[in-house]
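If you want the building blocks of each chain, they are given just below.
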Amino acid sequence: MATLLRIIVLKVALRYDNGTILITGNVHVPFTSLDPRTHSLRAEGLDYQNIIEYLKRSNIEYDDNKVLDLIPSPNISIDETNSQHISLRDYQKEALDNWSKAAKRGSVVLPTGAGKTVIGVKAIEMVNSASIVIVPTIDLMDQWTSVLSKYFPYIRIGNLGGGSDDIQAITVTTYDSAYLRASSLGNKFSLIIFDELHHLAAPGYRSIAERFASPFRLGLTATIERDDNLDKDFPRLVGGGIVFRVHARDLARDKHLASYEIERRQVEMLPEEIQEYKKNFGVYQVALKKLGVRMNYTGAFRRLIMMSGRNATAREAILARNKAMYIALNSRSKIEELRKILSENKGLKTIIFTQHNKLVFDISDRFLIPFITHQSGKGERQDALNGFREGRYNALVTSKVLDEGVDVPDAELGIIVSGTGSSREFIQRLGRLLRPKPDSNKKAKLIEIISSGTREIGTSTKRKKALNKVEAHDNSSS
């Protein structure tokens, strides 16, 4: 009697479903979990490429039911007949080569002013398919749109955000808008570029990377490390680790960026400020003692903030500490030191940074310097930046608006009147000074004004250590 052999063919079908990949068939696939509602396997959009690679390696047949339903795109190439040829610097070529060898996935870390946008433009040309650029601000959306329109003049550049809703083969969108539309747009683009990548780790924004099925991914940033250590998630979200990284000092050595020096100036607060500072800082320390809380580990202050929601003593500690720091950061003695620095550096293009808007307005009134804050209208901001670029203004004063996301004209001197201990804030502010100078031997200078005898000294030390740590990391990996 003949033996009947039954051959089981392993086969699955994949389709995109609101930010996820729905998988049906008779095979268990990695990166998936069982959806009890449909009795099918489901995976995050970002695992699409990993799943395809697994199925191919395992010789498993599959039907790809338009997981990627890409926006039709023309041939995406830079129009060199329009005098828009991009001549890449050696480190930019290396960054793109490394990214290409890493299956066009991973992150590039370059200092502000080193040409990250150009790398993004060339990445879009290399992929030559529908591409989306995610940025944190409307200003950056406008800047990317302008650059892309220049290099791809025959392609309409779409925008999503700031009142625009125009999806094209090359689209620039804000993180906020991409977050809201990720489930519906997640299978429309081959390449997704995360500009100012450090924003992607936020709990809401990371879902953009998770819902998009884009097989090619590029992260761009000057400051990839985060104080909350969530940067450890970037290799998963971007599809790979850091493929290229270089520090400002290395680029300054090769004349690609200006070399720089950092100076710290300490000032004595006024007697009444010292008294008020000590009173409030004393209240803070007594409250910490009552709570039995020590502030000598990462995350301690975050824990104190969480406690303050339900504990009156913790709340008293936070308020007293904030008042003490406000006094130190905004000491009247700093204004006099600023006056001295401006007098010593007459004619230099200068950006003055503060922590609080109140001090921005005070400095603007006292020294008749244009200001930019988050409250400044687009026209007002553009006038200040254009005036600075054209030489009508020699100085600008700002809070945090110019830390990132704004194309700041060349500056020679930066003055930090007040700031946080954030390494990112410090590196971004330094980066505003590093565009190459006409005199290649001229150094950019960043001056910190610190209230002596206060916790602000520790704040300055913290950001300096963070900068040194980045430099040491870059040197060890170069």
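Further up the page is the structure itself.
First, a word on scope: everything that follows refers to the structure included in this document. (Residues numbered from 1 in each chain as written. Predicted model: local features only at pLDDT ≥ 70, side-chain atom pairs only at ≥ 80, totals over all residues. Heavy atoms only, no water.)

The eight strands lie next to each other as β9-β8-β10-β7-β11-β12-β6-β13, forming an open sheet whose pairing is mixed. In this open sheet, the two strands that pair with only one neighbour each are β9 (164-166) and β13 (242-245). Direction aside, neighbouring strands of the sheet carry axes that sit 20 degrees apart on average. Relative to strand β10 (residues 170-174), strand β7 (residues 131-135) runs parallel, the two being bridged by five bridges. (Pairing = 2+ DSSP bridges. Helix = DSSP H or I, 4+ residues; strand = E, 2+ residues; numbered from the N terminus. Axes fitted to C-alpha atoms, helices over the stretch in contact; angles between N-to-C directions.)

Moving on: the pairing of strand β12 (residues 216-221). For a regular strand, side-chain orientation follows a simple rule: the groups alternate between the two sheet faces. Most of β12 is tucked away: five of the six residues are buried. Examined bridge by bridge, strand β6 (residues 105-109) and β12 share five bridges and lie parallel to one another. Paired with Gly-106 across the bridge in β12 is Leu-218. The pairing of strand β11 (residues 191-195) with β12 spans five bridges and is parallel. Residue pairing for β12: Ile-192 is matched across the bridge by Arg-217. With helix α6 (residues 206-211) bridging β11 and its parallel neighbour β12, the resulting β-α-β unit is right-handed. (Buried < 20%, exposed > 50% of the residue type's maximum accessible area, 1.4 Å probe, protein only. Right-handed = clockwise from strand over helix to strand, strands pointing away.)

For the rest of this paragraph, the subject is helix α12 (residues 332-344). Along its 13 residues, α12 runs 19 Å from first to last C-alpha, staying within 8% of the 18 Å computed at 1.5 Å per residue. Considered for burial, the residues of α12 that qualify are Ser-333, Lys-334, Ile-335, Glu-337, Leu-338, Ile-341 and Leu-342. N-capping of α12 is provided by Ser-331, with a side-chain oxygen placed 3.1 Å from the backbone N of Ser-333. (Expected span 1.5 Å × (residues − 1). Polar contact = N/O pair within 3.5 Å; in protein donor to acceptor, adjacent residues only side chain to side chain.)

With that settled, the discussion passes to the pairing of strand β1 (residues 11-17). Bridge analysis of β1 against strand β5 (residues 61-64) gives four bridges, and the strand direction is parallel. When the sheet's bridge partners are listed, Val-12 is paired in β5 with Tyr-62. Bridge count for β1 against strand β2 (residues 20-25) is six bridges, and the pairing is antiparallel. The residue bridging Asp-17 from the neighbouring strand is Thr-20, located in β2. Between the end of β1 and the start of β2, which pair antiparallel, lie two residues, with Asn-18 showing a positive phi angle near 50 degrees.

In short, the description is geometric, and any link to function would need to be established separately.
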